[in-house]
Amino acid sequence: MIAAAVLANSVIHRNRPQGTIHVTGLGEQNFTSDLVVWEGNFSRESQDLKAAYASLESDRTAVTNYLKAKGIPAEALVFNAVSTNPVYQQNYAPNGNYAGQTFTGYQLSQTLVIESKEVEKVEKNQS
């Protein structure tokens, strides 16, 4: 009898989601944000790792100078670590069978995050 009650309870509640919040209705409210966080990235490819890194560093300087000229303070810019990935070309035999891969170079990319409490200044200079 107890087993039947437990089984029946399990069947009845089997589709009930656990740990969820149920909300009914719709609410809207306009507000002014006091923090802007934007993220972007840039990348370079080259067969020579040193050349790719030098190009990426040049791009980083150009991005920094551009944003500073637009009034974004250097303290608001956060550059994340450079990501380095080898790039390979897939090779196939004339019959379509996989024949290995050939190293073609490196792809380096870097992410930039702009975090500022000067929301209006950052949004004004977005173009």
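Residues numbered from 1 in each chain as written. Predicted model: local features only at pLDDT ≥ 70, side-chain atom pairs only at ≥ 80, totals over all residues. Heavy atoms only, no water.

J.: So what exactly am I meant to see when it comes to the confidence of the model for the chain here?
T.: Fine structural detail should not be taken from predicted coordinates in areas where pLDDT scores are low. Confidence in the prediction for the chain averages 84 pLDDT; 84% of positions are at 70 or higher. Averaged pLDDT values for the elements of the chain fall to 67 in helix H3 (residues 119-124) and rise to 94 in strand E3 (residues 83-92). (pLDDT = per-residue confidence, 0-100. Helix = DSSP H or I, 4+ residues; strand = E, 2+ residues; numbered from the N terminus.)

J.: Please clarify how the pattern of salt bridges should be interpreted in this entry.
T.: Pairs may arise between side chains of opposite charge once their charged atoms sit close together. Under the defined criterion, the tally for this structure stands at one salt bridge. Between Arg-44 and Asp-59 there is a salt bridge, with the nearest N and O atoms lying 2.7 Å from each other. Of this pair, Arg-44 sits in strand E1 (residues 36-46) while Asp-59 sits in helix H2 (residues 49-69), placing them 15 residues apart in sequence. Relative accessible area serves as the criterion here: at 35%, Arg-44 is assigned to the partly exposed category. Residue Asp-59 is classed as buried on the basis of its relative accessible area, which comes to 17%. (Salt bridge = Lys/Arg side-chain N within 4 Å of Asp/Glu carboxyl O. Buried < 20%, exposed > 50% of the residue type's maximum accessible area, 1.4 Å probe, protein only.)

J.: Can you help me understand H2 in this one?
T.: Think of an α-helix as turning once every 3.6 residues; residues three or four places apart then point the same way. Helix length check: H2, at 21 residues, gives a terminal C-alpha distance of 30 Å against a target of 30 Å (1.5 Å per residue), a fit within 8%. Burial in H2 covers these residues: Ala-52, Leu-56, Asp-59, Thr-64 and Leu-67. All buried residues of H2 fall inside an arc of 135° around its axis, so they share one side. Along H2, the residues that are exposed and aim more than 90 degrees away from the buried face are Lys-50 and Ala-69. Phi turns positive one or two residues past the end of H2, at Gly-71, with a value near 95°. (Expected span 1.5 Å × (residues − 1). Arc of directions from axis to C-beta.)

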